[in-house]
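Report on the structure
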Amino acid sequence: MGDLLSYSGITTKVRAMQSHLITENQFREMAGLSTVSEAVDYLSHLKAYQGLFSDLEGTGLHRGAIEQRLILSLYQDFAKLYRFSNLNQRKFLDLYFMHLEIDILKKCLRNAIGDNRPDIDLSIFEDFFKKHSRLDLIKLASSRSLSDFVTNLEGSVYHDLLSGLSDNREPTLFDFEVHLDLLYFKAIWRVMGKYLKKEEKELLSRCFGSKLDLLNIQWIYRSKKYYHLQPADIYTLLIPTNYHLNKEQITKMAEAGTMEEFYAALKSTYYGRKTNIETYDVPDLEHLTMEVLDKIHRSTSRQDPYSIATLNSYLYFKEEEIQKVITLIESIRYRLQPDEIISYVAKQ
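Since we're looking at a predicted model, the values are computed, not measured.

So, about empty space enclosed by the protein. The full count for this structure, using the stated rule, is three cavities of 30 Å³ or more. Within this model, the second largest cavity holds a volume of roughly 50 Å³. Asn88, Lys91, Phe92, Leu95, Ile188, Val191, Met192, Tyr195, Leu196 and Leu204 together form the lining of the second largest cavity. Of all elements in the fold, only helix H5 (87-113) and helix H10 (173-195) reach the threshold of two or more residues within the lining of the second largest cavity. Here the lining of the second largest cavity is built from residues that sort into eight nonpolar, one polar and one charged.

Next up, the structure:
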C-alpha cells in the first residue's frame, strides 16, 4: 500500500487541505448570493481564501483581479506541499509546476498575439515564480508582439520550441498552445518512466494517459469543427502517446467526413463506453473530459493514498474548484438564477 513511511506526513497534510475545499452545499449557498461583492466576501471567510481579497473592493472586483487571487491560492497550496515534500516528491512537483508555467505563458501569449495594450499584471505571482521558475513574468506580461514574447523567453526550455514554430510558418494561437501542451506531456511521460516506482507510474499513467487521450479527442474535434484541417495536418498536432485509444479509433475520428461521423467514432471508444455519451446526440466534450478525469483522480487517490497520486489528485481538484468559482462569480455578475448558475458550475 504505497510507501507509508515516506508519504504519511504529506498525506496527512493533503487531507487537512482537502477539508478546506468548497463543498457542494457551499457552492449552492454562493449561487444564491446577489452580488459579486457578496460572493467575494463569502470566499474571504473560507479558510483556503482568507486574506486573498483584502485589497479588493468596489471597482476592483473585476474578473481579472478575482481570478488572480484564486490562482494565487493554488500557488500557495503548491508551495505548502512543496515545503512538506521529500526529494522524490519534489521531482513530481517540479514537473507539475511546468503545467502552472504553461498556463501563465498562454495568458501572456494571448495578450501579445492580440496586439492589445498590456493589461495583465502578474506582479502578484512574482515572489512565487522567483522560487520555482526562471521566467521573467513582468517582461512576458509586457510583450507587445509575438517576437517580443519569444525574445522574452530566452534562457527557458520554451524559447527554442516557440522560436522554431514561428520561424517556419505563420502559426495560430492554437498551434502555439498545442505545442506547449505537447512539450509538457512529453516531459511528464518521460519523467514518470524514469523516476517513479512501478506502482506510482501505473497510477499516474491512468490520470495522465487518459488526459492525453481526451486532449487528442478535443484537438481532433476543434481541428475539424473550427479550423477545417485536413487529416494529415490534424495528425501533426496530436500527442504521439495513446492510452485507451488505438490508432484505428484516432484515424476514424480524424478522417470523419462529418461531425456526425466523428461523434459516431467517439462513441465506439473506451471513453464513449465508460460515460453516458450515448444519451447525447451532440456530446459535450469538455463535460465528458471532466467526468472521466474526476472519476480517475478520485479512484487513484483512494486506491493508494500513500503515493504520488495523493498530491496529483489534490492539485487537480483544487484547479477544478478555482474554475468553478470563476464561473460562479461571473454568473452572479450577469444576474443568472441560482439553479442556472449551479448547472454551469457542474460542467466545470
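That covers the picture; the talk isn't over yet.
To continue, consider the layout of surface pockets. The computed volume of the largest pocket comes to approximately 1,600 Å³. For the lining of the largest pocket, the secondary-structure elements that each account for two or more residues are helix H4 (63-84), H5, H10, helix H11 (198-225), helix H16 (285-303) and helix H17 (308-333). Sorting elements by how many residues they give to the lining of the largest pocket places H5 first, with nine residues. Residue composition of the lining of the largest pocket, by class: 23 nonpolar, seven polar and 14 charged.

As a further point, take the environment of lysine 47. The topology assignment puts lysine 47 in the loop between helix H3 (36-44) and H4. Residue lysine 47 is classed as exposed on the basis of its relative accessible area, which comes to 55%. A sequence separation of 20 residues divides lysine 47 from glutamate 67, and the C-alpha atoms of the two residues are 17 Å apart.

Moving on, we get to a positive patch on the surface. A contiguous patch of positive charge on the surface is contributed by Lys47, Lys80, Arg83 and Lys131. Counting through the fold element by element, lysine 80 comes out in helix H4.

Moving on, we get to the environment of arginine 273. Tracing the backbone through its elements, the reader meets arginine 273 in helix H15 (residues 270-274). Classification of arginine 273 as exposed rests on a relative accessible area of 55%. Beyond its immediate stretch of four places on either side in the chain, arginine 273 contacts Gln249, Lys267 and Ser268.

Turning our attention to the packing of aromatic side chains. The relative placement of two aromatic rings is captured by the distance of their centres and the angle of their planes. Enumeration according to the criterion identifies 18 aromatic pairs in this entry. Consider the rings of tyrosine 75 and phenylalanine 125, whose centres lie 5.1 Å apart with planes at 70°: the pair is edge-to-face. Separated by 50 residues along the polypeptide, tyrosine 75 in helix H4 and phenylalanine 125 in the loop between H5 and helix H6 (126-132) bring together distant segments of the chain. Ring plane angle 90° and centroid distance 6.2 Å describe the contact between tyrosine 221 and tyrosine 226, whose orientation is recorded as edge-to-face. Since its relative accessible area comes to 52%, tyrosine 226 is described here as exposed. Taken together through their ring pairs, the aromatic side chains of Tyr75, Phe78, Tyr82, Phe97, Phe125, Phe128 and Phe129 make up a single cluster.

This part is about the nonpolar core. Membership of the largest hydrophobic core comes to 117 residues, with the highest contact counts inside it found for Leu43 and Phe262. Examining the composition of this core, we find that 13 residues originate from one element, H5, more than from any other.

Moving on, we come to the pattern of salt bridges. Applying the stated criterion to the full structure yields 12 salt bridges. A salt bridge links glutamate 24 to arginine 28; its shortest N-O distance comes to 3.8 Å. Of this pair, glutamate 24 and arginine 28 both sit in helix H2 (residues 24-31), four residues apart, which is roughly one turn of that helix. Note that glutamate 177 is salt-bridged to arginine 110, the shortest N-O span being 2.8 Å. Of this pair, glutamate 177 sits in helix H10 while arginine 110 sits in helix H5; the two residues are 67 residues apart in sequence, bridging distant segments of the chain. Classification of arginine 110 by relative accessible area gives partly exposed; the value is 40%.

Each value, and the rule that gives it
- Residues numbered from 1 in each chain as written.
- Predicted model: local features only at pLDDT ≥ 70, side-chain atom pairs only at ≥ 80, totals over all residues.
- Heavy atoms only, no water.
- 1 Å grid on protein atoms, 1.4 Å probe; cavity = no way out; pocket = protein on both sides within 12 Å on 5 of 7 lines; lining within 4 Å.
- Points joined across faces, edges and corners; volume = space filled by probe spheres on them.
- Helix = DSSP H or I, 4+ residues; strand = E, 2+ residues; numbered from the N terminus.
- Nonpolar A, V, L, I, M, F, W, Y, C, P; charged D, E, K, R; others polar.
- Buried < 20%, exposed > 50% of the residue type's maximum accessible area, 1.4 Å probe, protein only.
- Patch = residues over 30% accessible without salt bridge, like charges linked within 9 Å, V, L, I, M, F, W, Y side chains within 5 Å.
- Areas by Shrake-Rupley, 256 points an atom, 1.4 Å probe, with all protein chains shown as cover.
- Salt bridge = Lys/Arg side-chain N within 4 Å of Asp/Glu carboxyl O.
- Lys, Arg positive; Asp, Glu negative; His and termini not counted.
- Charge placed at Lys NZ, Arg CZ, Asp CG, Glu CD.
- Contact = heavy atoms within 4.5 Å.
- Phe/Tyr/Trp six-rings, centres within 6.5 Å; stacked < 30°, edge-to-face > 60°.
- Core = buried A, V, L, I, M, F, W, Y, C linked by side-chain atoms within 4.5 Å.

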